Each structure stands twice: as structure tokens, then as C-alpha cells.
Amino acid sequence: MIRLPNVLFATFSLLAWGQTPKPIAQPLRLRVMVDPGHGGDDGGAKGPRGLKEKVAALEIAKAVGLKLQAAGFEAVFTRDDDTFIPLWDRAQAANAQGADLFISLHLNAARAKAARGSEVFFLSLGKGDDEDVVAVENAGAGVAPGSPDSVVASILDDLAQKAFLQDSERLAVAIQGQLNRLAGIKERGVKQAPFIVLRGAAMPAVLVEVAFISNPKEEEKLKDAAFRAKVAEALTLGVRRYFAETNGTVRRRMVGGPG
Ligand SMILES: [Zn+2]
């Protein structure tokens, strides 16, 4: 034990006197990686009036970041401008930053113009629930399918997310529950699908299809900042509920990020 001279104690006491006591160490804030889908040359889906998924996803991500921060979380982003980022790199960025959660934001598209509502996905190691959506969202992988790099990466990445599937499902259910409350958003339920962007995440990870950009009414809503703020509020409530129901997760520290 180190003995400090009494004069030092006296000085500290004087400094502390009359001030608000401060905690010795600030508790670590939970960090959420927010991933706006697509970007750059990869515009994603397009609405009937021309709204691009990459633009709407970035706007929603910014709103989500603000709400998360207001709720006491730290928000980090895979992109905060119109940049293309390969799918594999997005989860790796979350791992490298030690994120506690990974939330990828997208807009759905369907041939049926009437299709509407939110869908929240977590990773399926098999075929999953919705092959059309998967084909569209996996198009921006940035690695040629079948190349040796992609095979090795996919095996390692599957191992990374595999340990978190239960937590990812809980997170998906919590977020879907809040999105269902949004007026005008139909319940579509939680789904499982083999999204590449989720595979490498060494933390609970979900992909949210916020609304159907292919539906003219939902495309208009997505252009409205008030609607985006409501979506962000719902997502943030889902995150809060998830952490309230679980103790969060510390298992990611065992899996580790890239070397
Ligand atoms: Zn997308």
C-alpha cells in the first residue's frame, strides 16, 4: 500500500469540498454499431418515386444514432456518408470497435406494391425464411462468391455469430415488438436468413427492413423526418428492452476481433 503524505489528503479534501461527488470511474457506455445498408455505387432498392435505399437507410441511421445517444448509449457507424463498404467489412468494423450490438438498417422491396411493414432478421446458418430479400441484400458482398477468401471468411464468420444467435433472436424480438407499435406498420414477425452482413459479427446482430420502399405510401413516409424519428425511437426502445431483459453480453470478449 502506498502512503500519501497528509498534506495531499488535505488538498484533495479542499478540492472535493462543496463539489458534487464524482464517481471514481465512469461506467462504460454500451456501444451500438449502426450500419446503414448499401452506399456509393450500390444504391440498394429504389422507390417508385425515386428514393434510394442507401439514402433512406443513412437518414434513418442518423436518427437512430441521435436517439441512442439521448438514451445513454454510444452510437458508432459503419458509414456516415455515401460510401460503399463491402458487407464483410461492416461486421469486422463492429468487432474492431468492440461494439455490444450490431444493427444493419435496410428498406424492403417487393413486386407487390401493397407489401408494407417492418421485418427484423437475425442470422440463419441454413437457407432461411426469405430468399428474395437475401439475394438483394447479399449482392454488395464485395468478395466473389466461391473464391478461397470468401470460403475461409464465411467459415470463420459463421463461427463468430453462431455464439450470439440466441441473443440476436432476443434483440430481433425486442426491436420487432417496438416497430409493431408504430402506427401503420403491420406486424411481419421476426425472421431468420443467411445475410452475409450479419455473419461476422461477434455480438448480437440484427438486420432491420424498416419499411417497403417499393410501396408508394411507405416511400413517402420514409422522406418524412418525423417518421424517421419515430422509427429511431422504436429501435432505441427495442435496444433498451433487450438490455433490460438480458444482462447484455460480455461473451464477445472471448471471441475477439481481427488480429
Ligand atoms: Zn438493403
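Look above for the structure.
Here the structure is a predicted model, which is why all the values come from computation and not from measurement.

Draft legend 1. Region of interest: the environment of Asp89. As for its position among the elements, Asp89 is in helix H3 (residues 87–96). Once the C-alpha coordinates of Asp89 and Gly200 are considered, the two residues, 111 residues apart in sequence, prove to be 8.7 Å apart.

Draft legend 2. Molecular detail of the pairing of strand S1 (residues 31–36). Buried residues dominate S1, accounting for five of its six residues. Summarising the sheet, S1 and strand S2 (residues 74–77) pair through four bridges and their orientation is parallel. When the bridges of S2 are listed, Val32 appears paired with Ala75. Note that the unit made of S1, helix H2 (residues 53–70) and S2 has a crossover that is right-handed. Here five bridges tie S1 to strand S3 (residues 101–108), and the two strands are oriented parallel to one another. Bridging from a neighbouring strand, Asp35 pairs with Ser104 of S3.

Draft legend 3. Representation of the coordination of the zinc ion in the model. For the zinc ion, the protein coordination sphere consists of His38 (NE2), Glu53 (OE), His106 (ND1), Glu137 (OE) and Glu137 (OE), at 2.0 to 2.4 Å. One chain supplies every donor to the zinc ion, and in sequence these donors are spaced H-x14-E-x52-H-x30-E. With His38 in the loop between S1 and H2 and Glu53 in helix H2, this residue pair connects regions lying 15 residues apart in the sequence.

Draft legend 4. The arrangement of the packing of aromatic side chains in detail. Here the structure, examined in full by the defined rule, presents three aromatic pairs. Plain terms: the ring middles of Phe121 and Phe195 are 5.0 Å apart, the flat faces sit at 90 degrees to each other, and that makes the pair edge-to-face. Of the two residues, Phe121 sits in strand S4 (residues 118–123) while Phe195 sits in the loop between strand S5 (187–193) and helix H7 (196–199), which places them 74 residues apart along the sequence. Look at Phe121 and you get buried, because its relative accessible area is 0%.

Draft legend 5. Seen up close, the pairing of S4. Burial within S4 is extensive, with six of its six residues counted as buried. As defined by bridge partners, S4 adjoins strand S6 (residues 205–212) across three bridges and the pair is classed as antiparallel. By the bridge assignment, Glu119 is partnered in S6 with Glu209.

Draft legend 6. Quick look at the nonpolar core. The biggest cluster of nonpolar side chains holds 61 residues, and the ones touching the most others in it are Phe102, Leu105, Leu107, Ile175, Phe195, Val206 and Val208. Sort the elements by how many residues they give to this core and helix H9 (residues 225–245) lands first, with eight residues.

Draft legend 7. Up close: the environment of Lys221. If you trace the backbone, Lys221 turns up in helix H8 (residues 216–222). Residue Lys221 is classed as partly exposed on the basis of its relative accessible area of 27%. As a C-alpha pair, Lys221 and Ala211 span 10 residues in sequence and 9.1 Å in three-dimensional space.

Draft legend 8. View of the side chain of Arg79. Assignment of secondary structure puts Arg79 in the loop between S2 and H3. Buried charge without a partner: Arg79 forms no salt bridge, and the closest opposite charge is Asp82, 4.5 Å away. Here Lys54 takes part through its backbone oxygen, which lies 2.9 Å from a polar atom of the side chain of Arg79. If we ignore the near neighbours within four places in the chain, the residues touching Arg79 are Pro36, Gly37, His38, Gly39, Lys54, Leu58, Ile85 and Arg90.

Draft legend 9. Summary view of the packing of helix H6 (residues 165–181) against H9. Where H6 contacts H9, the two axes come as close as 8 Å, and the packing angle between them is 140 degrees. Relative to H9, the element H6 lies oblique. Where H6 crosses over H9, the two elements pack in a sense that is right-handed. Where H6 abuts H9, its residues Asp167, Arg170, Leu171, Ala174, Ile175, Gln178 and Leu179 lie against Val231, Ala234, Leu235, Leu237, Gly238, Val239, Arg241 and Tyr242.

Draft legend 10. Here's a closer look at H3. Inspection of H3 places Leu87, Trp88, Arg90, Ala91, Ala94 and Asn95 among the buried residues, and these make up the whole buried set. The buried residues of H3 occupy an angular sector of 165 degrees when the element is viewed end-on, so they sit on one face. Two residues or fewer past H3, Gly98 is found with a positive phi of approximately 65 degrees.

What counts as what
- Residues numbered from 1 in each chain as written.
- Predicted model: local features only at pLDDT ≥ 70, side-chain atom pairs only at ≥ 80, totals over all residues.
- Heavy atoms only, no water.
- Helix = DSSP H or I, 4+ residues; strand = E, 2+ residues; numbered from the N terminus.
- Buried < 20%, exposed > 50% of the residue type's maximum accessible area, 1.4 Å probe, protein only.
- Pairing = 2+ DSSP bridges.
- Right-handed = clockwise from strand over helix to strand, strands pointing away.
- Donors = N, O, S within 2.8 Å, 3.2 Å for Na, K, Ca; no water.
- Phe/Tyr/Trp six-rings, centres within 6.5 Å; stacked < 30°, edge-to-face > 60°.
- Core = buried A, V, L, I, M, F, W, Y, C linked by side-chain atoms within 4.5 Å.
- Lys, Arg positive; Asp, Glu negative; His and termini not counted.
- Salt bridge = Lys/Arg side-chain N within 4 Å of Asp/Glu carboxyl O.
- Polar contact = N/O pair within 3.5 Å; in protein donor to acceptor, adjacent residues only side chain to side chain.
- Contact = heavy atoms within 4.5 Å.
- Axes fitted to C-alpha atoms, helices over the stretch in contact; angles between N-to-C directions.
- Parallel < 35°, antiparallel > 145°, perpendicular 65-115°, else oblique.
- Left-handed = near helix turned anticlockwise from the far one by under 90°.
- Arc of directions from axis to C-beta.

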